[in-house]
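Results of the structural survey
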Amino acid sequence: MSTTADYEALATAAARDLEEATAQEILQWAADTFGKRFCVTSSMEDAVVAHLASSVLPGVDVVFLDTGYHFAETIGTRDAVAATMPVNVITLTPKLTVAEQDAQYGPNLHDRDPDLCCSLRKVEPLNRGLGAYDAWATGLRRDESPTRANTPVVAWDAKRRKVKLAPIARWTQDDVDAYVQANGVLLNPLLWEGYTSIGCSPLSCTAKPGEGEKGRAGRWAGSGKTECGIHL
């Protein structure tokens, strides 16, 4: 396949045909179809999708966005994944360092304009980094938030003109927990400290959820923002 229309048609058919497939079957399809032109992205909240992908495509590229604002525990999880799993971790960085961004836009942009900060430090580096691939996989799940409730297991990413997979879209948190326990999958230590979704470290970006809250409730709490922009 060499045209955008071909890949879009492929994604549409796969979304239908693989809706009831297991996560491993979805990833095996991607490995068979795209080979080294396929990668997994990971925020290093956990290594579930990376672990799944490595079981069908050892040496798979795992793309990580180092925003310059990560918790030390997140960087440590990335390093542990690279050291202990049969994957090739690729770290992407923004064009501007945090200091350079502060000089150009003013300090604490994440507090004043979180959408711009995410665009500069997440969306642009990912768009640039995905240039080497025809397909990419994420850890999106339908149970995480209302904005993700209709996530297809395979989709056409029209903005990037790539096939996008969400192999665990149909999983619940219980499914994730069971897989982690059964396979000894690495987790970000912050999950044991009460965080339920882990992004950048400023309090305006990632906080522990309040009583009775769960999932992504601690992300950009009180701002009305629910996504960084990568999946919009």
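The preceding data block contains the structure.
Summary of the structure given here.

Conventions adopted
- Residues numbered from 1 in each chain as written.
- Predicted model: local features only at pLDDT ≥ 70, side-chain atom pairs only at ≥ 80, totals over all residues.
- Heavy atoms only, no water.
- Helix = DSSP H or I, 4+ residues; strand = E, 2+ residues; numbered from the N terminus.
- Buried < 20%, exposed > 50% of the residue type's maximum accessible area, 1.4 Å probe, protein only.
- Contact = heavy atoms within 4.5 Å.
- 1 Å grid on protein atoms, 1.4 Å probe; cavity = no way out; pocket = protein on both sides within 12 Å on 5 of 7 lines; lining within 4 Å.
- Points joined across faces, edges and corners; volume = space filled by probe spheres on them.
- Nonpolar A, V, L, I, M, F, W, Y, C, P; charged D, E, K, R; others polar.

Take the side chain of Arg-216 next. Checked against the element boundaries, Arg-216 lands in the segment after α8 (173-183). Owing to a relative accessible area of 15%, Arg-216 belongs among the buried residues under this scheme. Setting aside its immediate chain neighbours within four residues, Arg-216 contacts Glu-144, Ser-145, Arg-148, Ser-197, Thr-226 and Glu-227.

Here we come to the layout of surface pockets. Looking at the largest pocket, its volume works out to about 1,000 Å³. Taken together, 45 residues line the largest pocket, and the ones lying closest to its centre are Ser-43, Glu-45, Glu-144, Arg-148 and Arg-216. Those elements that provide at least two residues to the lining of the largest pocket are α3 (48-56), β2 (60-65), α7 (114-129) and α8. The element that contributes the greatest number of residues to the lining of the largest pocket is α8, accounting for four residues. In terms of residue class, the lining of the largest pocket is built from 20 nonpolar, 13 polar and twelve charged. Its boundaries defined by the atoms lining it, the second largest pocket holds a volume of some 290 Å³. Surrounding the second largest pocket, 20 residues form its lining, Leu-140, Thr-151, Pro-152, Lys-164 and His-231 being those nearest its centre. Of all the elements in the fold, those that place two or more residues in the lining of the second largest pocket are β5 (154-157) and β6 (162-165).

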